[in-house]
Amino acid sequence: MQSYQQALIDFALDRQVLRFGAFTLKSGRQSPYFFNTGLFSSGEALRRLGSAYARRIVDAGLPFDMVFGPAYKGIPLVSALSVALAADYGIDCPWAFNRKEEKAHGEGGSVVGAPLAGRVLIVDDVISAGTSVAESVELIESAGATIAGVLVALDRQERGQTDQSACSATQEVAERHAVPVTAILNLDTLMEYLERRGDRADDLAAMRDYRARYGA
């Protein structure tokens, strides 16, 4: 685990972005933890989250020309990432996001920000069924651009849309669209963090049980 990953988990716990307990996911599964980037809801929180996104994508060495955030959660994420790339690495990267409904007046269209062009990196929070990624891919490719990859905050490393699947949701997205999917954190990282702390044995045990039942 890198120091910036540990710092992000510490901060996520402090802001209750990462919580432990019993949570019903959209899939219907009962999860012992929940990660909600929507609670990074202040300027300082977004600054720190954006820096973590920027660090991860620079470390991954993935080539891209611009970044794109699917509405709605992807909008602040792609904005924070763009600011961090410029401030931390001197990379002045174009960014854009989509509207849920196409605008018929003013400048019109369904995309706000830089025109979609070149290799576009999709930035989101957590991949569940991959619906927002599929919609983004369609929008980007219809503009004549290509997909550079997908960057998310957390890979839950659990089986995808069906319990019979051997692949995680992120692996399904990577295979379906033939692009790399990169995450700042994953379930293994969270479990390693809990092991190092040593004061959340019950939470760690619940996560191990969940991994054994749903892990990919």
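Residues numbered from 1 in each chain as written. Predicted model: local features only at pLDDT ≥ 70, side-chain atom pairs only at ≥ 80, totals over all residues. Heavy atoms only, no water.

The name an unreviewed UniProt entry assigns to the protein is Orotate phosphoribosyltransferase, from the organism Spiribacter curvatus. Under the UniProt heading Catalytic activity (unreviewed entry), the entry covering the protein gives this text: "orotidine 5'-phosphate + diphosphate = orotate + 5-phospho-alpha-D-ribose 1-diphosphate". (UniProt positions renumbered as here; feature names shortened; annotations may be inferred.)

Caption draft 1: Main features of a nonpolar patch on the surface. A contiguous nonpolar patch, built from V58, Y89 and I91 and spanning about 210 Å² of accessible area, is present on the exposed surface. As for its position among the elements, Y89 is in helix α3 (residues 74-89). Under the relative-accessibility criterion, Y89 is labelled partly exposed at 33%. (Patch = residues over 30% accessible without salt bridge, like charges linked within 9 Å, V, L, I, M, F, W, Y side chains within 5 Å. Areas by Shrake-Rupley, 256 points an atom, 1.4 Å probe, with all protein chains shown as cover. Salt bridge = Lys/Arg side-chain N within 4 Å of Asp/Glu carboxyl O. Helix = DSSP H or I, 4+ residues; strand = E, 2+ residues; numbered from the N terminus. Buried < 20%, exposed > 50% of the residue type's maximum accessible area, 1.4 Å probe, protein only.)

Caption draft 2: Summary view of helix α6 (residues 187-197). Residues L187, T189, L190, M191, Y193 and L194 constitute the buried set of α6. Along its buried surface, α6 packs onto α1 (3-14), β1 (18-24), β2 (30-35), β7 (146-155), β8 (181-186) and α7 (201-214). In this structure N186 caps α6, since a side-chain oxygen of it lies 3.1 Å from the backbone nitrogen of D188. Among the residues trailing α6, G198 stands out with phi positive, at a value near 75 degrees. (Contact = heavy atoms within 4.5 Å. Polar contact = N/O pair within 3.5 Å; in protein donor to acceptor, adjacent residues only side chain to side chain.)

Caption draft 3: The pattern of salt bridges, seen in detail. On inspection of all chains with the given rule, the structure shows twelve salt bridges. One salt-bridge network, held together by shared partners, links R29, R156 and E158.

Caption draft 4: Structural context of the UniProt feature "binding site: orotate" (unreviewed entry) in the protein. Mapped onto this numbering, the UniProt entry annotates "binding site: orotate" (unreviewed entry) at F34, F35, S128 and R156. Position of R156 relative to the elements: it lies in the loop between β7 and α5 (169-177). The class of R156 is buried, set by a relative accessible area of 11%. Sequence-distant contacts of R156, defined by excluding residues within four places in its chain, comprise L25, S31, Y33, V126, L187 and Y210.

Caption draft 5: Local environment of the environment of M207. Mapped onto the fold, M207 is located in helix α7. When neighbours within four sequence positions are excluded, M207 is seen to be in contact with F20, P32, Y33, L187, L190, M191 and L194.

Caption draft 6: Inspection of the packing of helix α2 (residues 43-60) against α3 at higher detail. Their axes nearest at 7 Å, the elements α2 and α3 cross at an angle of 70 degrees. Looking at the two axes, α2 sits roughly perpendicular to α3. Crossing of α2 against α3: the hand is right-handed. Within the contact between the two elements, α2 uses L46, L49, G50, S51, Y53, A54, R55, I57 and V58 and α3 uses P76, L77, A80, L81, A84, L85, D88 and Y89. (Axes fitted to C-alpha atoms, helices over the stretch in contact; angles between N-to-C directions. Parallel < 35°, antiparallel > 145°, perpendicular 65-115°, else oblique. Left-handed = near helix turned anticlockwise from the far one by under 90°.)

Caption draft 7: Focus on unusual backbone geometry. Here the bond from A71 into Y72 is cis, since omega is 5 degrees, no more than 30 degrees from zero. Within the element layout of this structure, Y72 appears in the loop between β3 (66-69) and α3. A positive phi angle, near 55 degrees, is found at Q157, a position not held by glycine. Topologically, Q157 is positioned in the loop between β7 and α5. Positive phi outside glycine occurs at A178, with the angle close to 55 degrees.

Caption draft 8: A look at the environment of C93. Relative to the elements of secondary structure, C93 occurs in the loop between α3 and β4 (95-103). Along the backbone, C93 and S82 are eleven residues apart, and their C-alpha atoms lie at a distance of 6.1 Å. When near neighbours in sequence (up to four residues on either side) are disregarded, C93 contacts F64, D65, M66, V67, S82 and L85.

Caption draft 9: Layout of the nonpolar core. Grouped together as the largest cluster of nonpolar side chains are 42 residues, with contacts concentrated most on L18, F35, F40 and Y53. Sequence-distant contacts of Y53, defined by excluding residues within four places in its chain, comprise L77, L81, V123, D124, D125, L151, V152, A153 and I184. Ranked by size, the runner-up nonpolar core spans 19 residues in total, among them F68, A96, V173 and V179. (Core = buried A, V, L, I, M, F, W, Y, C linked by side-chain atoms within 4.5 Å.)

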